[in-house]
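A look at the structure
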Amino acid sequence: MSTETLAQTSPAPEYDNRTAFADELRALARTNDRIVAVCNDSVGSSNLTGFRDEFPDRLINVGIAEQNMVGVGAGLASAGFIPFVCAAGPFLTGRALEQIKADIAYSQHKVILCGMSPGMAYGELGPTHHSIEDLSWLRALPGLDIVVPADRHMTQLAVRNAVADPRPTYIRVGRFKVPDVTTENTRLERGKFVQITNGTDVTIIATGTMVSRAVNAATELHAQGISARILDAEYIAPFDSDAVAAAARETRAIVVAEEANLAGGLGSAVATTLSQLATADTRVPLRLLGIDEFAPTGNTQYLLNHFGLNEEGIVRAAREALGA
């Protein structure tokens, strides 16, 4: 569990993680001709246009056939290639879940599954296009690493690590822009959270798009006299139980924030870890922020606010957990 300093309080530039993903993928492909990309008629939305133009013979577009797409990825992996299988999160994980289970996780083929535009990034397109169940579905599969980058630097490291790792990986690549919460010196270790800031009153465990919102919440809590530790849950699987245990021992409450279903996601993993610890010094109040219903129609920011997945919601949950 590495440690970062609290981000600056002034507004910071925001970046599209898909751009960081595409840039890193092309950079690695220039020195490794085993890297290929597979997509489902999503060259543009998966940010693969530059890859296609630079490596036209290494992009396979299977059309709108997600199950075949995952199968093609598994076949390429078995032949020694390193396939990045890219598609919108709901269709990659929903339509092709059986193939991910049998052809990737069970068979342990080194395929890098890239869930693009996850969470509620598609906004007004509604629940059919929201990818809020992916963490729940994929956490149930043994042998599949799950990485949810919080910013562009973590996205680049996630891509780099996946190429170097022999295991299959799912990377959740965010669509809407977020500020940097880490630095060029931050390391991404398999199965470890990144500690963004230290704190003694409450621990906020956030993942993906929620990390920058948690940092903003920590700044507001600090102004109210509450010290908040921020843990960036980059890896959902393997899970950093040690970081959760330390948070329970060293702070007085825990809040979890995720742009995903409450059932089976990050919050469920934290709750399960705490219940298994079940010692006097790890019994702390827990608040889970996430999604527990099909979302109403609206843009992404409206939906995040609707579910309390914002600075105000995190501050409120932290104060409630502390009884403040």
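In this report, the structure presented in the accompanying data block is examined. (Residues numbered from 1 in each chain as written. Predicted model: local features only at pLDDT ≥ 70, side-chain atom pairs only at ≥ 80, totals over all residues. Heavy atoms only, no water.)

1. Here's the deal with the overall build of the protein
In terms of helices and strands, the protein carries twelve helices and 15 strands. Against the 2.2 N^0.38 benchmark of 20 Å for 324 residues, the protein shows a C-alpha radius of gyration of 19 Å, consistent with a compact globule. Each principal axis of the C-alpha atoms in the protein carries an extent, and together these give about 60 × 40 × 40 Å. Taking all 324 residues of the protein together, the buried fraction comes to 59%. (Helix = DSSP H or I, 4+ residues; strand = E, 2+ residues; numbered from the N terminus. Rg over C-alpha atoms; globule rule 2.2 N^0.38 Å. Buried < 20%, exposed > 50% of the residue type's maximum accessible area, 1.4 Å probe, protein only.)

2. Notes on unusual backbone geometry
Here the residue pair alanine 237 and proline 238 is connected by a cis peptide bond, since its omega of -5° sits within 30 degrees of zero. The backbone of asparagine 47 sits at a positive phi, close to 60°, despite the residue not being glycine. Secondary-structure assignment places asparagine 47 in the loop between strand 3 (35–39) and helix 2 (49–54). Unlike most non-glycine residues, glutamine 108 shows phi in positive territory, near 55°. In this fold, glutamine 108 is placed in the loop between helix 5 (97–106) and strand 6 (112–116).

3. Considering helix 1 (residues 17–31)
Because an α-helix packs 3.6 residues into every turn, residues spaced three or four apart end up facing the same way. Its 15 residues give helix 1 an end-to-end C-alpha distance of 22 Å, which sits within 8% of 21 Å, the value for a rise of 1.5 Å per residue. Those residues of helix 1 lying buried are Asn17, Arg18, Ala20, Phe21, Ala22, Glu24, Leu25, Arg26, Leu28 and Ala29. Capping of helix 1 at its N-terminal end is provided by aspartate 16; its side-chain oxygen lies 2.8 Å from the backbone amide nitrogen of arginine 18. (Expected span 1.5 Å × (residues − 1). Polar contact = N/O pair within 3.5 Å; in protein donor to acceptor, adjacent residues only side chain to side chain.)

4. What to know about the packing of helix 1 against helix 7 (residues 152–164)
At a minimum axis distance of 8 Å, the contact between helix 1 and helix 7 shows a crossing angle of 35°. Helix 1 and helix 7 meet at a crossing whose hand is right-handed. Contacts from Asn17, Ala20, Phe21, Glu24, Leu25 and Leu28 in helix 1 reach Arg152, Thr155, Gln156, Val159, Arg160 and Val163 in helix 7. For the contact of helix 1 with helix 7, the class distribution of residues is six nonpolar, three polar and three charged. (Axes fitted to C-alpha atoms, helices over the stretch in contact; angles between N-to-C directions. Left-handed = near helix turned anticlockwise from the far one by under 90°. Contact = heavy atoms within 4.5 Å. Nonpolar A, V, L, I, M, F, W, Y, C, P; charged D, E, K, R; others polar.)

5. Considering the pairing of strand 15 (residues 286–291)
For strand 14 (residues 253–261) and strand 15, the ladder comprises five bridges, and the chain directions are parallel. Across the sheet, the residue bridging to valine 255 is arginine 287, located in strand 15. With helix 10 (residues 266–277) bridging strand 14 and the parallel strand 15, this β-α-β connection has right-handed handedness. (Pairing = 2+ DSSP bridges. Right-handed = clockwise from strand over helix to strand, strands pointing away.)

6. Examining the nonpolar core
Counting residues in hydrophobic clusters, the biggest one holds 67 residues, and the most contacted among them are Phe21, Ile35, Leu48, Phe51, Phe84, Met120 and Val202. Residue contributions to this core peak at seven residues, all from helix 8 (residues 210–223). Once you skip the residues sitting within four places of it in the chain, phenylalanine 84 turns out to touch Phe21, Leu25, Ile35, Val36, Ala37, Val38, Ile112, Cys114, Val159 and Val163. Within the second largest apolar cluster, 40 residues are counted, among which are Leu92, Leu141, Ala243 and Ile254. (Core = buried A, V, L, I, M, F, W, Y, C linked by side-chain atoms within 4.5 Å.)

7. Side note on the sheet that holds strand 4 (residues 59–61)
The seven strands lie next to each other as 4-3-5-6-8-7-13, forming an open sheet whose pairing is mixed. Because the sheet does not close on itself, it has two edges, and the strands there are strand 4 and strand 13 (235–237). In this sheet, neighbouring strand axes are inclined to one another by 20° on average, regardless of whether the strands run parallel or antiparallel. Looking at chain direction, strand 6 and strand 8 (residues 169–173) are connected through five bridges and run parallel. Paired with cysteine 114 across the bridge in strand 8 is isoleucine 171. Where helix 3 (residues 66–78) meets the sheet, it contacts strand 3, strand 4 and strand 5 (82–88), and its direction lies at approximately 170° from that of strand 5.

8. Description of the pairing of strand 11 (residues 202–206)
Strand 11 sits mainly inside the fold: five of its five residues count as buried. Judged by which residues are buried, strand 11 turns out to be covered on both faces: Val202, Ile204 and Ala206 on one side and Thr203 and Ile205 on the other are all buried. The sheet contact formed by strand 11 and strand 12 (residues 228–232) spans five bridges and is parallel. Residue pairing in the sheet places isoleucine 204 in a bridge with isoleucine 230 of strand 12. Bridge count for strand 11 against strand 14 is five bridges, and the pairing is parallel. Its bridge partner being in strand 14, isoleucine 204 is matched across the sheet by valine 255.

9. Here's the deal with the pattern of salt bridges
Side chains carrying opposite charge are able to pair once their charged atoms draw close together. Evaluated as defined, the whole model comprises 14 salt bridges. Salt bridges here are not isolated pairs; linked through shared partners, they connect Asp23, Arg26, Arg30 and Glu54. (Salt bridge = Lys/Arg side-chain N within 4 Å of Asp/Glu carboxyl O.)

10. Structural notes on the environment of threonine 251
Structurally, the position occupied by threonine 251 is in the loop between helix 9 (241–250) and strand 14. Taking relative accessible area as the criterion, threonine 251 reaches 4% and is therefore assigned buried. Apart from the residues within four sequence positions on either side, threonine 251 is in contact with Gly199, Thr200, Asp201, Val202, Thr203, Arg229 and Val284. In terms of polar contacts, threonine 251 uses its side chain to reach the backbone carbonyl oxygen of alanine 247, at 2.6 Å. At 3.4 Å, the side chain of threonine 251 and the backbone oxygen of alanine 253 are in polar contact.

It is worth stressing that arrangement in space is one thing and function is another; only the former is reported here.
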